[in-house]
Amino acid sequence: MSINRRDFLKGAVTMGALAGAGSLAACAPQGGADDSPTAGTTKARSWETVPDPIPENDISETVEADVVIIGAGVAGMTAFMHACEAGAKAVIIEKMSQPSARGLDMAAVNTRVQKAAGVSIDKGQLVSDLVKASGYKANGSLIKLWADKSGEVFDRIIDLAADHDAEFVLGMGSSATANAPDFTTRTYPTDHNLAGYGVHECMEALVGWMQERALANGGASYYKTRAEQLLKDGSGNIIGVVASQGSSYVKYTASKGVILATGDYGGNEDMVAEWCPLVGRVHGTAYIPPEANTGDGINMALWAGASMQPGNHGPMVHPIQGGGALCTASFLRVNANGKRFADENTTLPGITDAVMSSAKRTVWTIFDADYESQMASMSALSTYNFNTAGSLTKYFMDGSMTPDAVPPLPEIVQMGIDEGATFEGQTLEELATTIDVPADALVATVARYNELVDLGVDEDFGKDPACLKPIAKAPFYASQVPAKLLVIPGGLNVDDQLRVLDSEERPIEGLFACGNVQGNFFANDYPICAPGLSHGRCITLGALLGAAVAKGSLVQ
Ligand SMILES: Cc1cc2nc3c(=O)[nH]c(=O)nc-3n(C[C@H](O)[C@H](O)[C@H](O)COP(=O)(O)OP(=O)(O)OC[C@H]3O[C@@H](n4cnc5c(N)ncnc54)[C@H](O)[C@@H]3O)c2cc1C
């Protein structure tokens, strides 16, 4: 579906109004002059009211297990496979009718595939970059754990794929900007994907193979089974979960532990407003399947006394599935006021953070008739962004196009115009009027930009001169920059062993978390310096946790 400028701006107002409504409600004075029955009251959020326990009489069946895993996404399924392989009686319960999987990139360090390709990664520097990217709010020990163990864990995943005649290869981010001097734009060759598998097929296949292996090792999986409440013993230890299956309830007991792997809370408006409010300003969501990411695991854990990762959470918001032609390339970008605001040669989160933080949630990428020759001399980061994000991603995801065979640039620009996401003007004034930015401001911004081009140095925002190209030749173009939420990989407060912590920061016995419901691994932003890290974290930490809980030991 295409969006035109009017819809785009209308959407901005609607989303902005919603976001504003949330913050106004939170600031509203309690009580006061208004004495209506509802004045001063706010609706309790789901995690604030502990529900009554589900009565024993309503439970129709009990399933006994050593390890219960809640949520059959990549994290839960990896934990499930490893728990079963470690000899435990493990069960996985999932509220949807099938496992959840999406995307294709998986990050690891020091795998057989990397060694064979002669790729070596400076692990210490990568961990340092990831901690810096979190503004020092992530737990560096967990990041180090991933970096240290991901190679050996991933080699087993490579073997699993080989059993299905599939081969892992290095992904597209692998040569991006490994040697960039600035940590904010450095990317490492961490990403792996399955040769010949499409965007979602890759993860769907892998999750399917993991489940098959788990079932072959004695595991059991239950679909359309929604975890409702964790079960505690008299000492407050978690000993199982009660789940609903249609209109009946089933109790799953866990003698060794319950692993929460329920994914993120991006589909829960109240949770977004509480823990990741900037996400209230995205242009939409790319998460699939809808209704899986409602924060159920967070509700259950908080009802059981757990706490959330302190500080701000780092959402994965990318300029994908929409926007205009070449919108992620590092041409000039302006806000709704027609003003330049940053070095445009930035990462995907750098681009979308600016969109979410800008007036009217609006950013335009501006280029001129020479875009073809200019694109060819853009920086490696700009090319990486162009190949992985922007308007073409919707075609990459539906399989009708692949990044290594995109149409010629003029065709892409025409597609943007046809879709109502790229606009053209014979003059800058005409373009400004079309996109509803002040014409005098846009003209002045372009004049200053061209001065910097002549100078060969970006004195204003410090952009790589490779990306500094004139905007002088008609027609002129403006492409919308989208900001779509994928996931919010921030969640429950955990320690270095992935034990969920209570409000006093003590481990809750028997309760563990992995995947997006687990906090403390990301903060500020989902960083792009280790492409595939979201899956990579799910796989490595899920594997370590599944095996450790199965053995009654702790993640080391
Ligand atoms: C379009 C898209 C593309 C992506 N591409 C990539 C990529 O290439 N590389 C990368 O690293 N990351 C990518 N990501 C992010 C990545 O997919 C996720 O971060 C990761 O898969 C999360 O895995 P998870 O197991 O933690 O959660 P999920 O995959 O969200 O799984 C959680 C599961 O728990 C289930 N669940 C929830 N509540 C309950 C309950 N009460 N009872 C039972 N079950 C429950 C849900 O139904 C769901 O199946 C992408 C994301 C999107 C949206």
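Residues numbered from 1 in each chain as written. Predicted model: local features only at pLDDT ≥ 70, side-chain atom pairs only at ≥ 80, totals over all residues. Heavy atoms only, no water.

- In the annotation of an unreviewed UniProt entry, the entry for the protein chain reads FAD-dependent oxidoreductase 2 FAD-binding domain-containing protein, and the organism field reads Enteroscipio rubneri.
- Of the comments in the UniProt record for the protein chain, the one headed Cofactor (unreviewed entry) reads "FAD". (UniProt positions renumbered as here; feature names shortened; annotations may be inferred.)

**Considerations on the overall build of the protein chain**
Then step 1. Along the backbone of the protein chain there are 16 helices and 18 strands.
Then step 2. Over its C-alpha trace the protein chain gives a radius of gyration of 25 Å, about what one expects of a compact globule, namely 24 Å for 556 residues.
Then step 3. When its C-alpha atoms are laid out on the principal axes, the protein chain stretches across 75 × 70 × 40 Å.
Then step 4. In the protein chain, buried positions account for 55% of the 556 residues.
Then step 5. Taking the contacts inside the protein chain whose residues are at least 6 apart along the sequence as the reference set, 76% of them involve residues at least 24 apart.
Then step 6. When the accessible surface of the protein chain is summed, it comes to about 22,000 Å², and 51% of that surface belongs to carbon and sulfur atoms. (Helix = DSSP H or I, 4+ residues; strand = E, 2+ residues; numbered from the N terminus. Rg over C-alpha atoms; globule rule 2.2 N^0.38 Å. Buried < 20%, exposed > 50% of the residue type's maximum accessible area, 1.4 Å probe, protein only. Contact = heavy atoms within 4.5 Å. Areas by Shrake-Rupley, 256 points an atom, 1.4 Å probe, with all protein chains shown as cover.)

**Observations regarding the environment of Glu 94**
Then step 1. Here Glu 94 shows up in the loop between strand S2 (90-93) and strand S3 (106-107).
Then step 2. Between the alpha carbons of Glu 94 and Ala 292 there is a distance of 9.5 Å; along the sequence they are 198 residues apart.
Then step 3. With sequence-adjacent residues up to four places away left out, Glu 94 is seen in contact with Gly 71, Ala 72, Tyr 222, Tyr 223, Lys 224 and Thr 225.

**Points about helix H2 (residues 74-85)**
Then step 1. For H2, with 12 residues, the first-to-last C-alpha span of 16 Å sits near the 16 Å given by 1.5 Å per residue.
Then step 2. Counting buried positions over the 12 residues of H2 gives 11, a clear majority of the element.
Then step 3. Those residues of H2 that fall on the buried side of the exposure criterion are Val 74, Ala 75, Gly 76, Met 77, Thr 78, Ala 79, Phe 80, Met 81, His 82, Ala 83 and Cys 84. (Expected span 1.5 Å × (residues − 1).)

**A look at the sheet that holds strand S14 (residues 422-425)**
Then step 1. If you trace the four strands from one edge of the open sheet to the other, you get S12-S13-S15-S14, paired in antiparallel fashion. In this open sheet, the two edge strands, each paired with only one partner strand, are strand S12 (332-335) and S14. When strand polarity is set aside, the average angle formed by the axes of neighbouring strands in this sheet is 30°.
Then step 2. This element, helix H13 (residues 409-418), spans strand S13 (363-367), S14 and strand S15 (476-480) of the sheet and lies at about 100° to S14.
Then step 3. Helix H14 (residues 428-435) contacts S13, S14 and S15 of the sheet and is inclined by roughly 145° relative to S14. (Pairing = 2+ DSSP bridges. Axes fitted to C-alpha atoms, helices over the stretch in contact; angles between N-to-C directions.)

**Side note on empty space enclosed by the protein**
Then step 1. Per the counting criterion, the structure on display carries one cavity of 30 Å³ or more.
Then step 2. Taken as a whole, the largest cavity encloses approximately 40 Å³ of empty space.
Then step 3. Forming the boundary of the largest cavity are Leu 130, Ala 133, Ser 134, Ile 143, Phe 521, Phe 522, Ala 523, Asp 525, Pro 527 and Leu 533.
Then step 4. Of the residues assigned to the lining of the largest cavity, the class counts are eight nonpolar, one polar and one charged. (1 Å grid on protein atoms, 1.4 Å probe; cavity = no way out; pocket = protein on both sides within 12 Å on 5 of 7 lines; lining within 4 Å. Points joined across faces, edges and corners; volume = space filled by probe spheres on them. Nonpolar A, V, L, I, M, F, W, Y, C, P; charged D, E, K, R; others polar.)

**Describing helix H4 (residues 123-133)**
Each turn of an α-helix holds 3.6 residues, which means side chains three or four residues apart point in the same direction.
Then step 1. Within H4 the residues assigned to the buried category are Leu 126, Val 127, Asp 129, Leu 130 and Val 131.
Then step 2. Looking at the buried residues of H4, the elements they touch are helix H5 (140-162) and helix H16 (533-551).
Then step 3. A positive phi of about 65° marks Gly 135, the residue just after H4.

**Section: the nonpolar core**
Then step 1. Grouped together as the largest cluster of nonpolar side chains are 130 residues, with contacts concentrated most on Ile 70, Trp 146, Phe 168, Leu 206 and Leu 492.
Then step 2. Looking at which element gives the most residues to this core, the answer is H5, with 11 residues.
Then step 3. Counting contributing residues, this core receives three or more from each of domain 1 (56-267 + 486-551) and domain 2 (320-482).
Then step 4. Membership of the second largest hydrophobic core comes to 19 residues, among which are Ala 325, Phe 331, Tyr 371 and Tyr 395. (Core = buried A, V, L, I, M, F, W, Y, C linked by side-chain atoms within 4.5 Å. Domains from an automatic or database assignment.)

**A short note on the site of the ligand**
Then step 1. As a matter of local geometry, the ligand sits amid 37 residues, with Glu 94, Ser 100, Tyr 287, Ser 534 and His 535 nearest to it.
Then step 2. A distance of 2.9 Å is found between a nitrogen atom of the ligand and a side-chain nitrogen or oxygen belonging to Asp 296.
Then step 3. In the environment of the ligand, an oxygen atom lies 2.4 Å from a nitrogen or oxygen atom belonging to the side chain of Ser 534.
Then step 4. Contact with the protein chains removes 97% of the 1,000 Å² of surface that the ligand exposes when unbound.
Then step 5. Elements with a minimum of two residues in the shell around the ligand: H2, strand S7 (226-232), strand S16 (484-487) and H16.
Then step 6. For the shell around the ligand, the leading source of residues is H16, giving four residues.
Then step 7. When the residues that make up the shell around the ligand are grouped by side-chain class, the tally is 19 nonpolar, 12 polar and six charged. (Near = heavy atom within 4 Å. Polar contact = N/O pair within 3.5 Å; in protein donor to acceptor, adjacent residues only side chain to side chain.)

**Section: unusual backbone geometry**
Then step 1. Residue Ile 288 is joined to Pro 289 through a cis peptide bond whose omega torsion reads -5°.
Then step 2. Turning to its location among the elements, Pro 289 is positioned in the loop between strand S10 (284-285) and helix H8 (296-303).
Then step 3. For the peptide bond that leads from Ala 474 to Pro 475, omega is 0°, which places it in the cis range.
Then step 4. You can see Pro 475 is positioned in the loop between helix H15 (439-455) and S15.
Then step 5. Non-glycine residue Asp 436 carries a positive phi angle of around 65°.
Then step 6. Tracing the sequence through the fold places Asp 436 in the loop between H14 and H15.
Then step 7. Since its relative accessible area comes to 46%, Asp 436 is described here as partly exposed.
Then step 8. Although it is not a glycine, Glu 505 sits at a positive phi angle of roughly 65°.
Then step 9. Looking at the secondary structure, you find Glu 505 in the loop between strand S17 (499-501) and strand S18 (507-513).
Then step 10. With relative accessibility at 54%, the residue Glu 505 sits in the exposed group.

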